[in-house]
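# A look at the structure
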2 protein chains.
Amino acid sequence: MKPRHPHRSEDCRAVSAVLQRVGDKWTVLVVSMLGDGPMRFNELRHAVGGISQKMLTTTLRNLERDGFVTRTVFPTIPPRVDYELTGLGRELLTPVMALGDWARANIDRINNARDRFDAAAQS
Amino acid sequence: MKPRHPHRSEDCRAVSAVLQRVGDKWTVLVVSMLGDGPMRFNELRHAVGGISQKMLTTTLRNLERDGFVTRTVFPTIPPRVDYELTGLGRELLTPVMALGDWARANIDRINNARDRFDAAAQS
DNA sequence: CAGGATCCGGTAAGATACTG
DNA sequence: CAGTATCTTACCGGATCCTG
């Protein structure tokens, strides 16, 4: 009687790939910050906090590559670059936020399980 | 007029931490396989496909540590170990599946964006 | 201001061999 | 069967310095 949805290997890989992008160290933070509207590089850097400029650059490049953000350069002096979520990026935000809400709601349970496991492994 | 939900730094970190666990290379595959019911080690290994026994072991240990799966040892010969999702694990499956569905639905758009970006970067 | 270039350390990930 | 132990490789993430 189980629903038994297929688990097509190919699909699972695609899901896994997307989750790996989303799950890398900074992506979610950056995307959720951009959820409030376009931001400049250093503005983003400061808002996220604790990210190096290198990692912010690579994170943004990857997001741009996958079509989640647009990069707009204003050829002024000093230069100015705006990053903004695309439609795809905003759509991504929905399931990610859902997972985020779940995480917030259950982080205590996870931490408790972790503490119990570590305590049990102590012996 | 934006909703402007808070982005409490602490919360975002927790979310990010959970996403990193969920987003590591094999976790989603393993959890989704276990979504159909308990499985043994090698059964899981074969079902996932392409995972080394070492990575499967560490993935399962981490999932056990965080309270997502239980590990049941039958002291028979040959030994038998069943892995099964906990309640927490099954709850996790819901938002993860939602993200998975989104990923399946949009993988083409992502790949297209990627191809376009790479083609543009060619010059 | 926004980043490119470079170096370095830590850890993830795989292959292989061995064990209860 | 279900791991553990060990080794090697690869890449991630950070720090620092430099440029238009």
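Everything numeric here is computed off the predicted structure, so don't read it as measured data. In this numbering scheme, every chain counts its residues from 1 along its sequence in written order. Chain letters and ligand numbers both follow the written order, the letters beginning at A and the numbers at 1. Per-residue local features of the predicted model are confined to residues with pLDDT of at least 70, and side-chain atom pairs are confined, for both listing and counting, to 80 or more; whole-chain, interface and lining totals are unaffected and use all residues. Note that water and hydrogens are dropped before the side-chain values are worked out from all heavy atoms of the structure.

### So, the pairing of strand E2 (residues 69-74) of chain B
Residue and element names in this part refer to chain B. Basically, it comes down to this: Being paired, for any two strands, means DSSP has found at least two bridges between them. Starting at the N terminus, helices and strands are each numbered in turn, a helix being any DSSP run of H or I of at least four residues and a strand any DSSP run of E of at least two.
Relative to strand E3 (residues 80-85), E2 is paired through six bridges, and the arrangement is antiparallel. Counted as the bridge partner of Arg71 is Tyr83 from E3. Counting the residues between successive antiparallel strands, the hairpin from E2 to E3 contains five residues.

### Side note on the protein's contact with DNA strand C
Here is the rule we go by: Near residues are defined by distance, with any heavy atom within 4 Å of the molecule or strand qualifying the residue. Any pair of nitrogen or oxygen atoms within 3.5 Å is treated as a polar contact; in protein, a donor-acceptor pairing is required on top of that, and neighbouring residues in sequence qualify only through side-chain atoms on both sides. Following the grouping adopted for this structure description, the nonpolar residues are Ala, Val, Leu, Ile, Met, Phe, Trp, Tyr, Cys and Pro, the charged ones are Asp, Glu, Lys and Arg, and the polar ones are all others, Gly among them.
Looking at DNA strand C, there are 18 residues lining it, with Phe41(A), Arg71(A), Tyr83(A), Lys25(B) and Lys54(B) nearest. Of all DNA strand C atoms lying within 4 Å of any protein atom, the proportion belonging to sugar or phosphate reaches 63%. Gln53(A) places a polar side-chain atom, nitrogen or oxygen, 3.4 Å from a base oxygen of DNA strand C. Within the side chain of Arg71(A), an N or O atom sits 2.4 Å from a phosphate oxygen of DNA strand C. For the surface near DNA strand C, the element with the highest residue contribution is helix H4 (residues 53-65) of chain A, accounting for four residues. Broken down by class, the residue content of the surface near DNA strand C amounts to eight nonpolar, four polar and six charged.

### Here we look at the relation of the copies chain B and chain A
Our working definition: When the copies are superposed, the least-squares fit draws on C-alpha atoms of residues that have pLDDT of at least 70 in both.
In the superposition of chain B on chain A (RMSD 0.1 Å, axial shift 0.0 Å), the rotation amounts to 180°. Given the turn and translation reported, the copies of this chain are related as if by a two-fold rotation axis. Proximity to the rotation axis, assessed at the C-alpha, singles out Gly23(B) in chain B; its C-alpha lies 2.1 Å from the axis.

### Thoughts on the protein's contact with DNA strand D
Taken together, 18 residues lie near DNA strand D, and Lys25(A), Lys54(A), Arg40(B), Arg71(B) and Tyr83(B) sit nearest. Counting only the atoms of DNA strand D within 4 Å of the protein, the fraction contributed by sugar and phosphate is 60%. Within the side chain of Lys25(A), a nitrogen or oxygen atom sits 2.8 Å from a phosphate oxygen of DNA strand D. The separation between a phosphate oxygen of DNA strand D and a polar side-chain atom of Arg61(B) is 3.4 Å. If you list the elements that add at least two residues to the surface near DNA strand D, you get H4 of chain A together with helix H3 (41-48), helix H4 (53-65) and E3 of chain B. Examining the composition of the surface near DNA strand D, we find that four residues originate from one element, H4(B), more than from any other. Residues that form the surface near DNA strand D fall into these classes: eight nonpolar, four polar and six charged.

### As for the interface of chain B and chain A
Let me state the cut-off plainly: When checking whether two residues touch, look at their non-hydrogen atoms; a contact exists if any pair is within 4.5 Å. Here the quantity called buried area is the total loss of accessible area, with a 1.4 Å probe, experienced by two parts when brought into contact, counted for both. By salt bridge we mean one thing: a side-chain nitrogen of Lys or Arg within 4 Å of a carboxyl oxygen of Asp or Glu.
Counting from both sides, the interface comprises 50 residues of chain B and, opposite them, 51 residues of chain A. At the boundary of chain B with chain A, total buried surface from both sides reaches about 4,800 Å², with 66% on carbon and sulfur atoms. Area buried by chain B at its contact with chain A is led by Asp36(B), Arg65(B) and Trp102(B), which between them contribute 15% of it. Along the contact surface separating chain B from chain A lie six salt bridges. Elements represented by at least two residues in the side of chain B that touches chain A include exactly helix H1 (9-22), helix H2 (27-34), H4 and helix H5 (87-121) of chain B. The leading source of residues in the side of chain B that touches chain A is H5(B), at 20 residues. In the side of chain B that touches chain A, the residues fall into 25 nonpolar, 10 polar and 15 charged.

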